[in-house]
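Architecture at a glance
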Amino acid sequence: MDKYGLIGHPLGHSMSPLIHSKLFALSGIPDSSYELIDIAPEELSQHIDKLKELKGFNITIPHKTAIIPFLNELSESAARYGSVNCVSNSGGRLIGYNTDCDGFLHSAELLPLGGKVLLAGCGGVGRMIAVEAAMHGAELTIAVLPRSIRKAQLVMAEVLRGCSTANVRICLIDEVMDSFDLLINATPAGMYPNTECCPVSDELIANCLSFFDVIYNPTETLLMKKARALGRTAVGGASMLVHQAVKAHEYWYGGEFSHEDISEIILSVEAEVDRMNG
């Protein structure tokens, strides 16, 4: 039986076992195991031999960067972001990937990523989204709170290093006055249990044509509710969560999944999140 898992600290409740068990079942290998492995930051090096016993594993905070010195090879995207969230064990060689960007791009494939894009927040996943949006031709505005201006400047510099012709600017989130083809929320505003928070004003929402929210709990954030009430397209974070897991299975053993299969798993994740929240 092939063994897989997720490492991080603290892990708490995770959707990963649900998602990966369904993907293994669809691939006809339901006896593969997927476990949660809580590893404190200072103990990572002590667990490398155990991790090498796994066929593959996912990585979440705080190990996405710390795992890199223990890997034999990095994919292009993992090297680009200096961040790994998926490792494949190929005959004892540990290969690191960043499937977060794949998850985002698949989730946003029907959204106008190459148009005028407003990105709210630029930490963590927001940094990756900024680079991917610029690489896909976006006219990008990074909107942040005053305390995050320096972080936004560093992300902007990273974007320009990777794409010197990128059209990117920074502004304070409360001072955005323009209209946009796509608004992407990469802030925690609206995440459970603070579900009554919204990262931007109603006026700005009315000036945007489509929306993507990286948050998957709740399944419909206040931002998404307000956007849909105006008849706008709004995609939530459960799609990104499932698509990045799908990509991991492609790397681990060449797994292939239909659009219908993936859509059903996204609905399962959303149903489980709603059940958890009562």
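The structure we're discussing is the one just above.
These lines cover the structure that appears in this document, whether it is placed above or below. (Residues numbered from 1 in each chain as written. Predicted model: local features only at pLDDT ≥ 70, side-chain atom pairs only at ≥ 80, totals over all residues. Heavy atoms only, no water.)

1. Observations regarding the overall build of the protein
What counts, and what does not: Starting at the N terminus, helices and strands are each numbered in turn, a helix being any DSSP run of H or I of at least four residues and a strand any DSSP run of E of at least two. Every radius of gyration here is taken over C-alpha atoms, with the globule rule written as 2.2 Å times N^0.38, N being the number of residues. Exposure categories follow from relative accessible area, calculated using a 1.4 Å probe and restricted to protein chains: below 20% of the type maximum is buried, above 50% is exposed, and the middle band is partly exposed. To be clear on the numbers: accessible area is Shrake-Rupley with a 1.4 Å probe, and residue cover counts the displayed protein chains and nothing else. When charges are counted, neither His nor the chain ends are considered; positive counts come from Lys and Arg and negative counts from Asp and Glu. Throughout, a charge is located at the NZ atom of Lys, the CZ atom of Arg, the CG atom of Asp or the CD atom of Glu.
Helix and strand counts for the protein stand at 10 helices and 12 strands. Relative to the compact-globule value of 19 Å for 278 residues, the protein shows a C-alpha radius of gyration of 19 Å, a close match. Across its three principal axes, the protein shows a C-alpha extent of roughly 55 × 40 × 30 Å. Per-residue burial for the protein yields a buried fraction of 50% across its 278 residues. When the accessible surface of the protein is totalled, it reaches about 12900 Å², and 50% of it is carbon and sulfur. Of the side chains in the protein, 21 bear a positive and 33 a negative charge, and the two mean positions are spaced by 5 Å.

2. Overview of the sheet that holds strand E2 (residues 33–38)
Basically, it comes down to this: Note: two strands are recorded as paired if DSSP finds a minimum of 2 bridges between them. Residues are treated as being in contact if the distance between any of their heavy atoms lies within 4.5 Å. All axes here are fitted lines through C-alpha atoms, helices being fitted over the stretch that makes contact, and every angle between N-to-C directions spans 0 to 180 degrees.
Spatially, 6 strands are ordered E2-E1-E3-E5-E6-E4 in an open sheet, and the strand pairing comes out mixed. Only two strands of the sheet have a single partner each, and these edge strands are E2 and strand E4 (73–74). Relative to strand E3 (residues 56–59), strand E1 (residues 3–8) runs parallel, the two sharing 4 bridges. What sits directly across from Gly5, in E3, is Phe57. Set on the sheet, helix H1 (residues 16–26) makes contact with E1, E2 and E3; between it and E2 the angle comes to about 160 degrees.

3. Considering the nonpolar core
Just so we agree on the cut-off: Throughout, nonpolar core names a set of buried Ala, Val, Leu, Ile, Met, Phe, Trp, Tyr and Cys residues whose side chains join them through atoms within 4.5 Å.
Residues Phe104, Leu140, Ile142, Val159, Ile184 and Phe212 are the most contacted members of the largest nonpolar core, which totals 32 residues. Discounting chain neighbours no more than four positions away, the residues touching Val159 are Ala130, Val131, Ala134, Ala166 and Val168.

4. Notes on the packing of aromatic side chains
Note the following rule: Any two rings among Phe, Tyr and Trp, with Trp reduced to its six-membered ring, count as a pair given centres within 6.5 Å; such a pair is stacked if its planes are under 30 degrees apart, edge-to-face if over 60, and tilted if neither.
Across all of its chains, the model carries 5 aromatic pairs by this definition. Each ring, one from Tyr4 and one from Phe24, has its centre 4.9 Å from the other, and the planes form 40 degrees; the classification is tilted. Residue Tyr4 is located in strand E1, and its partner Phe24 is located in helix H1; the two are separated by 20 residues in the primary sequence. Here Tyr4 falls in the buried class, since its relative accessible area comes to 0%. Its relative accessible area of 1% is what places Phe24 among the buried residues. Summarising the aromatic geometry, the rings of Tyr4 and Trp252 are spaced 4.7 Å apart at their centres and angled 35 degrees between planes, so their arrangement reads as tilted.

5. Topic: the sheet that holds strand E8 (residues 139–144)
As summarised here, the arrangement of the 6 strands in space is E9-E8-E7-E10-E11-E12, forming an open sheet in which the pairing is parallel. The open sheet is flanked by strand E9 (167–172) and strand E12 (233–235), the only strands paired with a single partner. This sheet shows a mean twist of 15 degrees between the axes of neighbouring strands, independent of strand direction. Two strands pair when backbone bridges link them, and strand E11 (residues 210–213) and E12 are joined in this way by 3 bridges, in the parallel orientation. In the sheet register, Phe212 faces E12, and the bridge partner there is Val235.

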